[in-house]
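As a plain string of letters, each chain reads:
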Amino acid sequence: MLDKAKNGFSAAPLPERTAGRVARNRMRIAWMYYVEGLTQNEIADRLGIGRVTVVRNINEALKQREVKIWITGGVAECLDLEARLKLRFNLVDAVVVPEPAEPAHVNKAIGFAAGMYVTDQLTDDFCLGVGWGATLYESLQTLSPKELNNVEVVSLLGGIVQARRFNPAEFAWQFANTVGADCYLLTAPAVVDSADTRRALIERCGLDSVLNRVEKMHMALMSVGTMSAMSTSFRFGFFSESERQSLIAANAVGDLLYNFFDANGRIVDHPINGRVMSTPIERLRKVPRRVMISGGLDKVPALIAGMKLAATNVLITNEETAKALLSHA
């Protein structure tokens, strides 16, 4: 392909070469900013570009996960809350992140901490079960690849027909790809039309082999949803408004992998719970490390009940939620 120039013809740069040059420039800017400690204005002056271009490249490097920010050390109050949570809820571990300046960033803050926690825990011959949700999705930003052997990531819930970023199957695949693991998916909708269909899919379509991997899991990552119409569990159209109201009438306060439970952490008596394509909760309770990753004051009742249901022994949450959990308990 040729482009006209004033003095004749010149070869246009190939698209892949242009993309590679852009990526190299972005990484150079990120290196100068994060490693060399130069200000954005200093980088702009040295490279002869505008400050806006510097900011855009730094943000893109974060978005592409070319830069990962790890924060070491602890905030004294958070460490105290962690100790109190471990004692009150009989946890083996607790992580409390500082309260974000913007309430809307709670999920992101908790998710970032979850990604770092999982990275620290991964070893060779490790099997990890993953749920789904907005908070878990954010953990992808701080997952760090390791040179590990024989790592497996297993989706704990069926998928969504229309692919979205919170799709259980898509999340499990991205998670596995990031840490270089084999991925096992429940290749069925998250909710089917009847208990008979669920039984048939498990017994006749080989899904039992995926569900049985729970027996070798070392860790399961979960989060809870509330009964709000804006909760992740209700935004994808699996349930009608009348079904949501009927679940509330059955005393449901939240869900764990689409299994709806009451304030005492017991599965409610409702037909929907017989249609969910997920790893059975009673089997998840036997996984050595059962990690609950959730936060937000609106989730406190569901979080307390969900921790009972899952027999949670690791909690990752934010400051205000931690305080509310301790007061509520």
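Everything numeric here is computed off the predicted structure, so don't read it as measured data.

About the thresholds
- Residues numbered from 1 in each chain as written.
- Predicted model: local features only at pLDDT ≥ 70, side-chain atom pairs only at ≥ 80, totals over all residues.
- Heavy atoms only, no water.
- Helix = DSSP H or I, 4+ residues; strand = E, 2+ residues; numbered from the N terminus.
- Buried < 20%, exposed > 50% of the residue type's maximum accessible area, 1.4 Å probe, protein only.
- Contact = heavy atoms within 4.5 Å.
- Pairing = 2+ DSSP bridges.
- Axes fitted to C-alpha atoms, helices over the stretch in contact; angles between N-to-C directions.
- Salt bridge = Lys/Arg side-chain N within 4 Å of Asp/Glu carboxyl O.
- Phe/Tyr/Trp six-rings, centres within 6.5 Å; stacked < 30°, edge-to-face > 60°.
- Parallel < 35°, antiparallel > 145°, perpendicular 65-115°, else oblique.
- Left-handed = near helix turned anticlockwise from the far one by under 90°.
- Nonpolar A, V, L, I, M, F, W, Y, C, P; charged D, E, K, R; others polar.
- pLDDT = per-residue confidence, 0-100.

## A word on the overall build of the chain
Inference 1: Broken down by element type, the chain carries 13 helices and 12 strands.
Inference 2: By residue count, 48% of the 329 residues in the chain fall in the buried class.
Inference 3: In the chain, once contacts between residues fewer than 6 apart in sequence are set aside, the share between residues at least 24 apart is 70%.

## Examining the sheet that holds strand S9 (residues 254–256)
Inference 1: Read across the sheet, three strands follow the order S8-S9-S10 without closing on themselves; strand pairing throughout is antiparallel. Edge positions in the sheet fall to strand S8 (224–226) and strand S10 (259–261), since each of these pairs with one other strand and no more. Across the sheet, the mean angle from the axis of one strand to that of its neighbour is 35 degrees, orientation sign disregarded.
Inference 2: When S8 meets S9, the two strands line up antiparallel, connected through three bridges. Looking at the pairing, Val-224 lines up with Leu-256 of S9.

## Observations concerning the pattern of salt bridges
Inference 1: Using the criterion set out here, one finds 11 salt bridges in the structure.
Inference 2: Taking the shortest distance from any N to any O, the salt bridge between Arg-275 and Glu-243 comes out at 3.6 Å. Here Arg-275 is found in the loop between S10 and helix H11 (281–284), whereas its partner Glu-243 is found in helix H10 (residues 241–249), with 32 residues between them in sequence.
Inference 3: For Arg-275, a relative accessible area of 17% puts it in the buried group.
Inference 4: Residue Arg-266 pairs with Asp-262 through a salt bridge whose shortest N-O separation is 3.9 Å.
Inference 5: The class for Asp-262 is buried, based on a relative accessible area of 13%.

## Comments concerning the packing of aromatic side chains
Inference 1: With the rule as written, the count across this model stands at seven aromatic pairs.
Inference 2: Summarising the aromatic geometry, the rings of Trp-132 and Tyr-258 are spaced 5.8 Å apart at their centres and angled 80 degrees between planes, so their arrangement reads as edge-to-face. Linking Trp-132 in the loop between strand S4 (127–130) and helix H6 (134–138) with Tyr-258 in the loop between S9 and S10, this pair joins segments that are 126 residues apart in sequence.
Inference 3: Classification of Trp-132 by relative accessible area gives buried; the value is 8%.

## Section: the packing of helix H2 (residues 40–47) against helix H3 (residues 51–63)
Inference 1: Interhelical geometry of H2 versus H3 gives an angle of 110 degrees and a closest axis separation of 8 Å. With respect to each other, H2 and H3 are oriented roughly perpendicular. H2 and H3 meet at a crossing whose hand is right-handed. Contacts between H2 and H3 involve Gln-40, Asn-41, Ile-43 and Ala-44 from the first element and Arg-51, Val-54, Val-55 and Ile-58 from the second.
Inference 2: In terms of residue class, the contact of H2 with H3 is made up of five nonpolar, two polar and one charged.

## Description of the sheet that holds strand S11 (residues 289–293)
Inference 1: Taken in spatial order, the seven strands of this open sheet run S3-S12-S11-S7-S4-S5-S6, and their pairing is parallel. Looking at the sheet topology across the chains shown, the edges are occupied by strand S3 (93–97) and strand S6 (182–184). Between one strand axis and the next, the sheet turns through 15 degrees on average, direction left out of account.
Inference 2: Of the pairings in the sheet, the one linking strand S7 (residues 219–222) to S11 comprises four bridges and is parallel in character. Bridging from a neighbouring strand, Met-222 pairs with Met-292 of S11.
Inference 3: Where helix H5 (residues 106–121) meets the sheet, it contacts S3, S4, S7, S11 and strand S12 (314–318), and its direction lies at approximately 145 degrees from that of S12.

## Comments concerning the confidence of the model for the chain
Inference 1: Residue-level pLDDT values for the chain average 88, and 89% of them are 70 or greater.
Inference 2: Residue range residues 1–11 is modelled with pLDDT below 50. Its contacts to residues more than four positions away, or to other chains, number 11 contacts.

## Observations concerning the environment of Thr-39
Inference 1: With respect to the helices and strands, Thr-39 occurs in the loop between helix H1 (15–34) and H2.
Inference 2: Residue class for Thr-39 comes out partly exposed when judged on its relative accessible area of 39%.
Inference 3: Each C-alpha atom of the pair Thr-39 and Arg-51 lies 9.8 Å from the other, and the pair is 12 residues apart in sequence.

## Some thoughts on the pairing of S7
Inference 1: By the alternation rule, side chains of S7 split into Met-219 and Leu-221 and Ala-220 and Met-222, which are all buried.
Inference 2: Relative to S7, S4 runs parallel, the two sharing three bridges. Looking at the pairing, Val-130 lines up with Leu-221 of S7.

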